[in-house]
Amino acid sequence: MKRYPMFMCLQNRPCLVVGGGKVALRKAESLLQSGAQLKIIAPQLDHELADLLNQYTHQATWQAREFQDQDIAGHYLIIAATNQRAVNARVAELADQQQIPVNVVDNQAACSFILPSVVDRSPVMIAVSTGGASPVLARQLRMKLETMIPSSCGQLAAITEEYRDQVKQRFADPEQRKQFWEQTLRGPFAELVYAGNSQAARQLLDEMLTQPSRVSTVGEVYLVGAGPGDPDLLTFRALRLMQQADVMVYDRLVAQSILDMASQTAERIYVGKEKANHAVPQEGINALLVRLAKQGKRVLRLKGGDPFIFGRGGEEIETLAENGIPFQVVPGITAASGCASYAGIPLTHRDYAQSCTFATGHLKNGTIDLDWEKLAQPRQTVVFYMGLTGIEVISRELIKHGTPSELPAALIEQGTTRNQRVHIGTLASLPELVKQRSVRAPTLTIVGEVVKLHEKLQWYQPERHVAASEFSRNLEPQE
Ligand SMILES: C[S@@+](CC[C@H](N)C(=O)[O-])C[C@H]1O[C@@H](n2cnc3c(N)ncnc32)[C@H](O)[C@@H]1O
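This write-up is about the structure you can find in this document.

## Description of the overall build of the protein
Part 1 of the argument: Summing up its helical and strand segments, the protein has 18 helices and 19 strands in all.
Part 2 of the argument: Reported as C-alpha extents along the three principal axes, the dimensions of the protein are approximately 90 × 60 × 40 Å.
Part 3 of the argument: Carbon together with sulfur atoms contributes 50% to the accessible area of the protein, which is approximately 25,000 Å² in total.
Part 4 of the argument: When the 50 basic and 50 acidic side-chain charges of the protein are each reduced to a single mean position, those positions are 3 Å apart.

## What to know about the environment of Pro-408
Part 1 of the argument: Following the sequence through the fold, Pro-408 ends up in strand β17 (residues 408-413).
Part 2 of the argument: We classify Pro-408 as buried; its relative accessible area is 13%.
Part 3 of the argument: Expressed as a C-alpha distance, the spacing of Pro-408 and Ile-424, which sit 16 residues apart in the sequence, is 7.4 Å.

## Quick notes on the pairing of β17
Part 1 of the argument: Of all 6 residues that make up β17, 6 are buried, and the element is covered over most of its length.
Part 2 of the argument: In β17, alternate side chains face the same way, and those of Pro-408, Ala-410 and Ile-412 on one face and Ala-409, Leu-411 and Glu-413 on the other are all buried.
Part 3 of the argument: Both β17 and strand β18 (residues 421-426) contribute to a ladder of 6 bridges, which runs antiparallel. For Ala-410, the partnering residue across the bridge sits in β18 and is Ile-424.

## Focus on the packing of helix α12 (residues 282-294) against helix α13 (residues 313-322)
Part 1 of the argument: Look at α12 against α13: their axes get within 9 Å of each other, and the N-to-C directions meet at 45 degrees. Judged on the interaxial angle alone, α13 and α12 are oblique. The interaxial crossing formed by α12 with α13 has right-handed handedness. Where α12 approaches α13, its residues Gln-282, Ile-285, Asn-286, Leu-289 and Val-290 are matched on the opposing element by Glu-315, Glu-316, Thr-319 and Leu-320.
Part 2 of the argument: Each residue belonging to the contact of α12 with α13 can be placed in one class, and the counts come to 4 nonpolar, 3 polar and 2 charged.

## Let's talk about the sheet that holds strand β15 (residues 355-360)
Part 1 of the argument: Across the sheet, which stays open at both edges, the 5 strands sit in the order β15-β16-β19-β17-β18 with mixed pairing between neighbours. Both edges of this open sheet fall to β15 and β18, since each of them pairs with a single strand only. Across the sheet, the axes of successive neighbouring strands diverge by a mean angle of 20 degrees, strand direction being ignored.
Part 2 of the argument: Two strands pair when backbone bridges link them, and strand β16 (residues 380-385) and strand β19 (residues 443-447) are joined in this way by 3 bridges, in the antiparallel orientation. When the sheet's bridge partners are listed, Val-383 is paired in β19 with Ile-446.
Part 3 of the argument: Against the sheet, helix α14 (residues 335-342) contacts β15, β16, β17 and β19, and its axis sits at roughly 75 degrees relative to β19.

## Some points on the pattern of salt bridges
Once the charged atoms of two side chains with opposite charge are near each other, the side chains can pair.
Part 1 of the argument: Applying the stated criterion across every chain yields a total of 20 salt bridges.
Part 2 of the argument: As a salt-bridge pair, Glu-93 and Arg-90 come within 3.3 Å of each other at their nearest N and O atoms. One end of the pair is Glu-93 and the other is Arg-90, both in helix α3 (residues 85-97) and 3 residues apart, which spans about a single turn.
Part 3 of the argument: Given the relative accessible area of 41%, Glu-93 is considered partly exposed.
Part 4 of the argument: Glu-146 serves as the salt-bridge partner of Arg-142, at 3.0 Å between the closest nitrogen and oxygen. Residue Arg-142 and its partner Glu-146 are located together in helix α4 (residues 135-148), separated by 4 residues, close to a single helical turn.
Part 5 of the argument: Members of the salt-bridge network, linked through shared partners, are Asp-251, Arg-301, Lys-303 and Glu-316.

## A few points about unusual backbone geometry
Part 1 of the argument: Between Ser-122 and the following residue, Pro-123, the backbone shows a cis peptide bond with an omega angle of 5 degrees.
Part 2 of the argument: Positionally, Pro-123 belongs in the loop between β6 (117-121) and β7 (124-128).
Part 3 of the argument: In this chain, Ala-441 is followed by Pro-442 through a cis amide linkage whose omega measures -5 degrees.
Part 4 of the argument: Examined against the element boundaries, Pro-442 turns out to sit in the loop between α17 (430-436) and β19.
Part 5 of the argument: One non-glycine residue with positive phi stands out, namely Asn-365, at about 50 degrees.
Part 6 of the argument: Here Asn-365 is to be found in the loop between β15 and α15 (372-375).

## A short note on a nonpolar patch on the surface
Part 1 of the argument: Taken together, Met-1, Tyr-4, Met-6, Met-8 and Tyr-76 make up a surface patch of nonpolar side chains, about 650 Å² in accessible area.
Part 2 of the argument: Here Met-6 lies in the segment before β1 (14-18).

## Looking at α14
Part 1 of the argument: Of all the 8 residues making up α14, 6 are buried; the element is thus mostly covered by neighbouring parts of the structure.
Part 2 of the argument: Along α14, the positions that sit buried rather than exposed are Ala-335, Ala-336, Gly-338, Cys-339, Ala-340 and Tyr-342.
Part 3 of the argument: The elements touched by buried residues of α14 are β15, β16, β17 and β19.
Part 4 of the argument: Where α14 ends, the next residue or the one after it, Gly-344, has phi of about 65 degrees, a positive value.

## Points about the sheet that holds strand β3 (residues 60-63)
Strand pairing in a sheet relies on backbone hydrogen bonds. The paired strands run either parallel or antiparallel.
Part 1 of the argument: With parallel pairing, the 5 strands of this open sheet are ordered in space as β3-β2-β1-β4-β5. Taken across any chain shown, the strands that pair with only one partner, and hence form the sheet edges, are β3 and β5 (102-104). Across this sheet, the average inter-strand angle for adjacent strands is 15 degrees, counted without regard to direction.
Part 2 of the argument: Inspection of the sheet shows strand β2 (residues 37-41) paired to β3 by 4 bridges, in the parallel sense. Bridge pairing links Ile-40 to Trp-62 in β3.
Part 3 of the argument: The strands touched by helix α1 (residues 22-33) within the sheet are β1, β2, β3 and β4 (77-80), with β2 carrying the most contacts at an inclination of about 165 degrees.

## Examining the nonpolar core
Part 1 of the argument: The biggest cluster of nonpolar side chains holds 23 residues, and the ones touching the most others in it are Leu-31, Leu-38, Ile-40 and Leu-49.
Part 2 of the argument: Among the elements of the structure, β1, α1, β2, α2 (47-55) and β4 are those that each provide at least two residues to this core.
Part 3 of the argument: Top contributing element to this core by residue count: α1, with 5 residues.
Part 4 of the argument: Apart from the residues within four sequence positions on either side, Ile-40 is in contact with Val-17, Gly-19, Ala-28, Leu-45, Leu-49, Leu-53, Thr-61, Trp-62 and Gln-63.
Part 5 of the argument: The next biggest cluster of nonpolar side chains, apart from the first, holds 22 residues, and it includes Leu-375, Val-382, Phe-384 and Ala-409.

Cut-off values and rules
- Residues numbered from 1 in each chain as written.
- Predicted model: local features only at pLDDT ≥ 70, side-chain atom pairs only at ≥ 80, totals over all residues.
- Heavy atoms only, no water.
- Helix = DSSP H or I, 4+ residues; strand = E, 2+ residues; numbered from the N terminus.
- Areas by Shrake-Rupley, 256 points an atom, 1.4 Å probe, with all protein chains shown as cover.
- Lys, Arg positive; Asp, Glu negative; His and termini not counted.
- Charge placed at Lys NZ, Arg CZ, Asp CG, Glu CD.
- Buried < 20%, exposed > 50% of the residue type's maximum accessible area, 1.4 Å probe, protein only.
- Pairing = 2+ DSSP bridges.
- Axes fitted to C-alpha atoms, helices over the stretch in contact; angles between N-to-C directions.
- Parallel < 35°, antiparallel > 145°, perpendicular 65-115°, else oblique.
- Left-handed = near helix turned anticlockwise from the far one by under 90°.
- Contact = heavy atoms within 4.5 Å.
- Nonpolar A, V, L, I, M, F, W, Y, C, P; charged D, E, K, R; others polar.
- Salt bridge = Lys/Arg side-chain N within 4 Å of Asp/Glu carboxyl O.
- Patch = residues over 30% accessible without salt bridge, like charges linked within 9 Å, V, L, I, M, F, W, Y side chains within 5 Å.
- Core = buried A, V, L, I, M, F, W, Y, C linked by side-chain atoms within 4.5 Å.

See below:
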């Protein structure tokens, strides 16, 4: 080990920063946050550093002059952050002589300690160091950790701390205590904190300590939006829950590359609907979720796009709520957002569209029940989900209600995936376009002046993937 890792307590300890520029600013910030009594010696002060010192008047002082040898004495820790190598070297030499830990910016060899890259979820701190070998690598590793550790991890630690004594009293045996915490920090308690429900988390912990026999053994359901197809569009929370679930219930609109990212040990249940073959009817899915959760499982209900936009997510959690099953909902990027972005079609634009409507183009008895007059109004964008089989009705009804037949329109097929295809036409030509290009589901239809912008703003030109479809099942045109 080249350096000894440790976390130092600086509360009320006198610390010195020599230098008053941007680098000194960063060092001063973290020292002040750690509670140090900070002295800065520098002839001039960066204006941001001056602002910072104003916020910490009780903790910080500035001496507006050059560094002198006698400044070293009496400090607990020193940072040399001037832009003059000779001054920095002198600070280091004197600090070493007096055995005071010193850090010199941009001079590894002169440092008795170095500063790691830090993931700060106070009170949880994760420090990454490459021992000075590659600060950039340390920063990249830190970024990776940032994405993996929930932002409320610090809160989890803080609540845990509140209960430490109680848990100690309840479990005198250290082994039992350790087991209790291991289970608790992996179970519903932690998930409640992560979901922002600290009050319920505290209640659960109270119950676990005082009436363990009453603690429910029911599992929980995560209703998670998987986005439109590109796995990079998953949220951090979605990914975390996907990786900790015991069982995954998914349907046809989840791309294969996303399914591959879920826990490999999770049981997988496909409940999707294909043409004329409703694998599991909606009521069956609702009941399945309840049954699995009652078996104590952590159930991932994975849905394409956003669960609350044409996703029937509301119905599924209504049943959960009625049955007292804990659940949380994780939003996903809906197809309209994803497809529009990846096709270079802004859904609103100051010159063309002041509003945007999401509508379902799902056919019922050969018709679509929509307020066509409203959808035919100018200066808006209309996005049709599930509009492929009803494309003739959509085109005909909008024209009948006054939309110009030449209004630009786009069909975005397998949007955001490597197989994305964008077909541009007009409202009148849409049905023909679907036939000519053999457009298949899932496809999103965008109607409005904004479609013109595609020509100028298209940026996503993926190399087409060998597989015909990115989605979990071969989708029929009927949606
Ligand atoms: C039942 S809706 C589900 C919508 C989903 N909940 C969402 O927020 O995107 C299914 C429709 O979404 C659209 N869709 C979903 N993903 C798509 C994609 N990657 N490319 C194009 N359209 C997509 C299609 O119109 C498809 O018929």
